[in-house]
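A look at the structure
Residue-level listing of the chains:
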Amino acid sequence: MDAIRDIEIYGDDGETVRLGELWRERPVVLVFVRHFG
Amino acid sequence: MNRESEAFEREGAELVVVGNGAPNFIEGFRERAGYSGRIYTDPELRSHKALELRRDVRSTLSIRTLGRAVSAFRGGNRQTSVQGDAMQQGGVFVLSTDGELVYSYRSEFAGDHPSIADLVKAARVASQASGTTGRTTAN
């Protein structure tokens with residue numbers, strides 16, 4: 001998943017995280033939802 | 001969503017949600033979904049584009065979408081105001097700790113989702129590949 005590893009996304013307090021950090025410690029089921037509403 | 005999260009946790013994997021609205025929409029979504037796990041957003045849709053998730057009118061408005069909407073409505077779900085890009089479709093990706101893609105699913109239309117059973121199996125495979133298995137299961 002090199003294509004998305006370095007993309008930064010935002011938490012609810014505005015902090016950013018690289019997508020690659022999400023699976024660094026544990027495997028993930030990464031769900032992209034359509035929208036929040 | 002918490003029930004599915006627990007199923008993945010039993011296999012040693014974590015459910016992480018990524019939306020596409022503004023960061024301040026996350027808390028409301030968390031409350032409505034009743035989900036206590038990690039939620040993030042990509043308002044610029046960079047990850048969605050990189051993952052080639054669909055974004056078009058046809059996938060948002062179709063007969064198949066209408067059928068899923070009716071089912072969701074009958075199940076008590078109600079569409080509130082859209083918080084994010086309404087034409088952006090979603091998907092699911094299961095990854096091991098070294099970034100190996102174990103499973104992918106790209107929604108073809110609104111309401112198109114993979115089976116939870118398939119995701120649980122993929123979570124198990126990802127955990128085994130990562131050396132981080134959850135519960136042991138009889139063979």
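Below, the structure is looked at part by part. (Residues numbered from 1 in each chain as written. Chains lettered and ligands numbered in written order. Predicted model: local features only at pLDDT ≥ 70, side-chain atom pairs only at ≥ 80, totals over all residues. Heavy atoms only, no water.)

**Re the overall build of chain A**
Across its full length, chain A holds one helix and three strands. Helices (α) and strands (β) of chain A occur, in sequence order from the N terminus, as α-β-β-β. Overall, the C-alpha framework of chain A stretches about 30 × 20 × 20 Å when taken along its three principal axes. Total accessible area on chain A is roughly 1,600 Å²; 41% of this is exposed by carbon and sulfur atoms. Computing the positive centroid from 5 side-chain charges and the negative centroid from 8, chain A places the two 7 Å apart. (Helix = DSSP H or I, 4+ residues; strand = E, 2+ residues; numbered from the N terminus. Areas by Shrake-Rupley, 256 points an atom, 1.4 Å probe, with all protein chains shown as cover. Lys, Arg positive; Asp, Glu negative; His and termini not counted. Charge placed at Lys NZ, Arg CZ, Asp CG, Glu CD.)

**Details of the overall build of chain B**
The number of helices and strands found in chain B is six helices and four strands. Across chain B, helices and strands are ordered from the amino to the carboxyl terminus as α-β-α-β-α-α-α-β-β-α. Taking 14 Å as the expected radius of gyration for a compact globule of 139 residues, we find that chain B reaches 16 Å, a close match to that expectation. Each principal axis of the C-alpha distribution contributes one length, and for chain B these read about 45 × 35 × 30 Å. Within chain B, the proportion of its 139 residues that are buried is 41%. A sequence separation of at least 24 residues applies to 57% of the contacts in chain B between residues at least 6 apart. Charge separation in chain B, taken as the distance between the mean sites of 18 positive and 17 negative side-chain charges, equals 6 Å. (Rg over C-alpha atoms; globule rule 2.2 N^0.38 Å. Buried < 20%, exposed > 50% of the residue type's maximum accessible area, 1.4 Å probe, protein only. Contact = heavy atoms within 4.5 Å.)

**Concerning the side chain of S107 of chain B**
Residues and elements named next belong to chain B. Its location among the elements puts S107 in the loop between β4 (101–106) and α6 (116–130). A polar side-chain atom of S107 sits 2.7 Å from the main-chain carbonyl oxygen of D112. Look past the residues within four positions of S107 in its chain and what remains in contact with it is R54, Q89, G90, G91 and D112. (Polar contact = N/O pair within 3.5 Å; in protein donor to acceptor, adjacent residues only side chain to side chain.)

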